[in-house]
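The chain contents come next:
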Amino acid sequence: MFDEKTAYSGLDFFKLDNFLTDKQRDLRNRVQEYVQTTVLPNINPYWENAEFPRDIAMGLRDLGIIGGMIRGYGSAGLDPMEMGLVKYELAKGDGSINTFFGVHSGLAMGSIGLLGSDEQRERWLPAMSHLEKIGAFALTEPTQGSDAVNVQTTARLENGQWVLNGAKRWIGNASIAGILIIWARDEDGKFGGFVIEDPQNVEGVEIEVIEGKIGKRAVLNADIRLNNVRIPEENRLAKPRSFKDVGKVLVLGRYGVAWEAAGCAAGAFEMALKYAKEREQFGKPLAARQLIQQKLVEMATEVTAMQLICFQMAQLVAANQLTDAIASMAKYNNARKARYVTQLARETLGGNGILIENHIARLMTDAEIIYTYEGTNEINMLLVGRELTGINAIV
Ligand SMILES: Cc1cc2nc3c(=O)[nH]c(=O)nc-3n(C[C@H](O)[C@H](O)[C@H](O)COP(=O)(O)OP(=O)(O)OC[C@H]3O[C@@H](n4cnc5c(N)ncnc54)[C@H](O)[C@@H]3O)c2cc1C
């Protein structure tokens, strides 16, 4: 039953909280509290030093969210709304923690959950559900970014083992992964996911952390080189035989990123609103100025529209009606709005908006990554264009 006294403390202009179940609300509050008490007070030094905050990340285990929407195998078994709310609340605090969670639970566990055999799920998911093994998802290559359908990495079967050759780029969690999924083409040109277990100890695998990132600095991305890497034949994921199968994982990834973008923008807005009410100039709070109110209203309106898109998408996922184009439109809209809102929030704080200690600058750079990963905004826009016109303008 909805209780006014315990209503959501963040922006909820259209009273969406009223439509959540108690279970969804409880989970959302639990994640919100973790972000307030553990993520926000501790994340900045990790971000500045480009260091992975292992303790903060491992604390996610206690929230009952690992594995996202996968049921069984010790995984959280969240419903689509719960998954979205988790992404939203984590992103309000920090994009690096959000990406660590999304790559592990969504992309890596999601690939095994959707495309693995029963035996493969039994073999890998339980340890991943307890964060004993961290997952990574390696699709992008140095020469194949948006054009990932044409991956150059190869897998050939030799004496009961797959032999992998190629290179991957930007792979989140790779340097700490226990389960690394490499997307490659076999000798028949068929697409497949090949699991390298404990890749740091496998001959022929080189993993090098990419330095100098301006956003999501506390989650590590890596270049990977694969030189005659041998893995057991049974480590090829059972189902994917075409890029379309991976698309099932990517469409849910875009669903999550649309929520992430909404959360990132909401976090920046809420901090800017608080600051504008407290900070005085010319004898009045900033919030008393029309020009500042204009920014606040702009931000709140954009965040509300983003929330509405996400709430409706959650219904569509639950009804098995989410399409590629719907997820792309949501990601496209929310990512570009997150960029806009975080910049308005940043400027509302004046000079203090530049300082990492006020968090908004970090969220602003998170928005840059959101804009580019899980399909750049241009590619997602063109996927919607293809749906509207029936003409593919990407290739
Ligand atoms: C921080 C971070 C984390 C990431 N994590 C992962 C991960 O865990 N696993 C993984 O596999 N990948 C990951 N990626 C990779 C990400 O998905 C790619 O960066 C993205 O797909 C774009 O590829 P690219 O960077 O090579 O850009 P490019 O494809 O080279 O694109 C450059 C520009 O050209 C535009 N462009 C490209 N093609 C077209 C076209 N046909 N029409 C119009 N414009 C076009 C793009 O939109 C972009 O603006 C990550 C990236 C980042 C930055």
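All residue numbers here refer to positions counted from 1 along the written sequence of the relevant chain. Local features are withheld for residues below a pLDDT of 70 in this predicted model, meaning they are given only at 70 or higher, and side-chain atom pairs are given and counted only at 80 or more; totals for whole chains, interfaces and linings count all residues.

Student: Could you give me a rundown of the site of the ligand, with the residues and numbers involved?
Tutor: Residues in contact with the ligand amount to 19 residues; listed here are only the nearest, L139, G145, S146, T376 and E378. Helix and strand assignments follow DSSP, with helices taken as H or I runs no shorter than four residues and strands as E runs no shorter than two, numbered in order from the N terminus. Of all the secondary-structure elements, those providing two or more residues to the shell around the ligand are β1 (135-138), β3 (161-172), α9 (360-372) and α10 (377-389). A per-class count over the shell around the ligand returns 10 nonpolar, 7 polar and 2 charged. Domain delimitation in this document rests on an assignment produced automatically or drawn from a domain database. Counting residues domain by domain, the shell around the ligand receives three or more from each of domain 2 (135-235) and domain 3 (243-389). Near, as applied to residues and a molecule or strand, means the residue's backbone-placed C-beta atom lies within 6 Å of it. Any residue outside Ala, Val, Leu, Ile, Met, Phe, Trp, Tyr, Cys, Pro, Asp, Glu, Lys and Arg is labelled polar, Gly included; the first ten of those are nonpolar and the last four are charged.

Student: Provide a residue-level description of the pairing of β1, including the pertinent values.
Tutor: Think of it as a crowd count around each C-beta: if 20 or more other C-beta atoms lie within 10 Å the residue is buried, if 12 or fewer it is exposed, and in between it is partly exposed, with C-beta placed from the backbone throughout. Both faces of β1 are covered, namely the face carrying G135 and F137 and the face carrying A136 and A138. Pairing between strands requires that DSSP locate at least two bridges from one strand to the other. In terms of strand pairing, β1 meets strand β4 (residues 179-186) through 4 bridges, oriented parallel. Paired with A136 across the strands is L180, a residue of β4.

Student: Tell me about α10, and please be specific about residues and values.
Tutor: Counted at 1.5 Å a residue, the expected span for α10 with its 13 residues is 18 Å, and the 18 Å between its end C-alpha atoms agrees. Any pair of residues counts as being in contact when their C-beta atoms, constructed from backbone geometry, are within 7 Å of one another. Where α10 is buried, its residues touch α8 (324-348). Just past α10, the residue G390 takes up positive phi, approximately 80°. One less than the number of residues in a helix, times 1.5 Å, gives the span that helix is expected to have.

Student: Account for the pairing of strand β5 (residues 191-197), naming residues and giving values.
Tutor: With 5 of its 7 residues buried, β5 lies for the most part within the structure. Pairing between β4 and β5: 7 bridges, direction antiparallel. When the bridges of β5 are listed, I182 appears paired with F194.

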